[in-house]
Amino acid sequence: MSASPRIVVGVDGSPASEQALHWAVDYAKAVGGTVDAIAAWEYPAFYGWAGQGVPTVETFHPEELAGKTLSDTVAKVVGEDPGVRISETVMPGNAAKALLEAAGGAALIVVGSRGLGGFSGVLLGSVSRHLTEHAPCPVVVVREGHPGQ
């Protein structure tokens, strides 16, 4: 591990990802680390499924939306002086793939237990589960709504 551990955190704007970012920042402060906040984007697979047409490039900008969600979430959670260096990166592809790619050389990955997709009530989301099974470093899964996180 390097002198300044790099903590990768997945951010999608969900309450669980907000808590994961908060946890990652607190941990980085405690160990003298840095935080890489990652948002992933991809074109939705089911456009047209509900009778809607496929959006045009002129009307749909998932990368910009992911970037805005990321910057808004970082500002909301840590404010103007987070006390640690935080980089913000928007990556194409699904969240699990993007976070695994970003995790190369990282000391830790932090994610929320449930993101914006999937089914409510499931204890572990598909992204957090995939990361716990395939990450090259330890993974912390932060559950939404638990005190002290």
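Further up the page is the structure itself.
Numbering of residues starts from 1 in each chain and follows the order in which that chain's sequence is written. Given that this is a predicted model, residues contribute local features only at a pLDDT of at least 70 and side-chain atom pairs are listed and counted only at 80 or more, while totals for whole chains, interfaces and linings are drawn from all residues. Computation of side-chain values: all heavy atoms of the structure, hydrogens and water removed.

## Here's the deal with the pairing of strand S5 (residues 139–142)
Selection rule: Per-residue accessibility, obtained with a 1.4 Å probe over protein chains only, is compared with the maximum for each type, and a residue is labelled buried under 20%, exposed over 50%, and partly exposed between these values. Here a helix means four or more residues in a row that DSSP labels H or I, a strand means two or more in a row labelled E, and each is numbered from the N terminus. By the convention used here, strands pair only if DSSP detects at least 2 bridges between them.
Along S5, the buried face is formed by Val140 and Val142; none of Val139 and Val141, which line the opposite face, is buried. Bridge count between strand S4 (residues 108–112) and S5: 4 bridges; the pairing is parallel. If you follow valine 111 over to S5, its bridge partner there is valine 141.

## Points about helix H3 (residues 95–102)
Quick reminder of the rule: Of all possible arcs, the one meant is that of the directions from the helix axis to the C-beta atoms. Any two residues whose heavy atoms approach within 4.5 Å at even a single point are treated as in contact. Definition of a polar contact: a pair of N or O atoms within 3.5 Å, with one able to donate and the other able to accept a hydrogen when the atoms are protein atoms, and with sequence-neighbouring residues admitted only if both atoms are side-chain atoms.
Along H3, the positions that sit buried rather than exposed are Ala96, Ala98, Leu99 and Ala102. Along the axis of H3, the buried positions cluster into a sector of 165°, meaning they face one direction only. Among the exposed residues of H3, those pointing more than 90 degrees away from its buried face are Lys97 and Glu101. Lining the buried residues of H3 we find strand S1 (6–10), strand S2 (34–41), strand S3 (86–92), S4 and helix H4 (126–134). Here H3 starts with a cap whose side-chain oxygen sits 3.1 Å from the backbone nitrogen of alanine 96, and that cap is asparagine 94.

## Some thoughts on the nonpolar core
Our working definition: Residues enter a nonpolar core if they are buried and are Ala, Val, Leu, Ile, Met, Phe, Trp, Tyr or Cys, with the set joined through side-chain atoms within 4.5 Å.
Of all hydrophobic cores here, the largest spans 21 residues; its most connected members are Val9, Leu21, Val35 and Val110. If you list the elements that add at least two residues to this core, you get S1, helix H1 (15–31), S2, helix H2 (62–78), S4 and S5. Ranked by the residues each element gives to this core, the list is headed by H1, at 5 residues. Setting aside anything within four residues of it in sequence, one finds valine 110 in contact with Ile7, Val8, Val9, Gly10, Ala20, Trp23, Ala24, Val140 and Val142. Counting 12 residues, the second-largest nonpolar core is a separate cluster that includes Ile38, Ile109, Leu131 and Cys137.

## Observations regarding the packing of H1 against H2
Quick reminder of the rule: The angle between two axes is taken between their N-to-C directions and runs from 0 to 180 degrees, where each axis is a line fitted to C-alpha atoms and a helix contributes only its stretch in contact. Working definition: roughly parallel below 35 degrees, roughly antiparallel above 145 degrees, roughly perpendicular at 65 to 115 degrees, and oblique for all remaining angles. With the far helix as reference, a near helix turned anticlockwise by less than a right angle produces a left-handed crossing, and one turned clockwise produces a right-handed crossing. Classification used: nonpolar for Ala, Val, Leu, Ile, Met, Phe, Trp, Tyr, Cys and Pro, charged for Asp, Glu, Lys and Arg, polar for all others including Gly.
For the pair H1 and H2, the least separation of the axes is 10 Å and the interaxial angle reads 60°. In terms of axis orientation, H1 runs oblique to H2. Seen along the crossing, H1 lies across H2 with a hand that is right-handed. Seen from H1, the contacting residues are Glu18, Leu21, His22 and Val25; seen from H2, they are Thr73, Val74, Lys76, Val77 and Val78. A breakdown of the residues in the contact of H1 with H2 according to their chemical character gives 5 nonpolar, 2 polar and 2 charged.

## Re the packing of H3 against H4
Two elements in contact, H3 and H4, have axes whose closest approach is 9 Å; the angle formed by their N-to-C orientations is 35°. Considering how the two elements wind past one another, H3 and H4 form a crossing that is right-handed. Contact with H3, carried on its side by Ala95, Ala96, Leu99 and Leu100, involves Val127, His130, Leu131 and His134 of H4 and no other residues of that element. The class makeup of the residues in the contact of H3 with H4 is 6 nonpolar, 2 polar and no charged.

## Comments concerning the pattern of salt bridges
How we decide: The salt bridge definition used is simple: a Lys or Arg side-chain nitrogen within 4 Å of an Asp or Glu carboxyl oxygen.
Under the definition given, this model contains 4 salt bridges. Across the pair aspartate 36 and arginine 6 runs a salt bridge, and its minimum N-O distance is 2.8 Å. Placement of aspartate 36 in strand S2 and of arginine 6 in strand S1 is noted, with a sequence separation of 30 residues between them. Take aspartate 36: its relative accessible area is 12%, and that puts it in the buried class. A salt bridge links glutamate 18 to lysine 76, with the nearest nitrogen and oxygen atoms 3.0 Å apart. Taken together, the residues span a long stretch of sequence, with glutamate 18 in helix H1 and lysine 76 in helix H2 at a distance of 58 residues.

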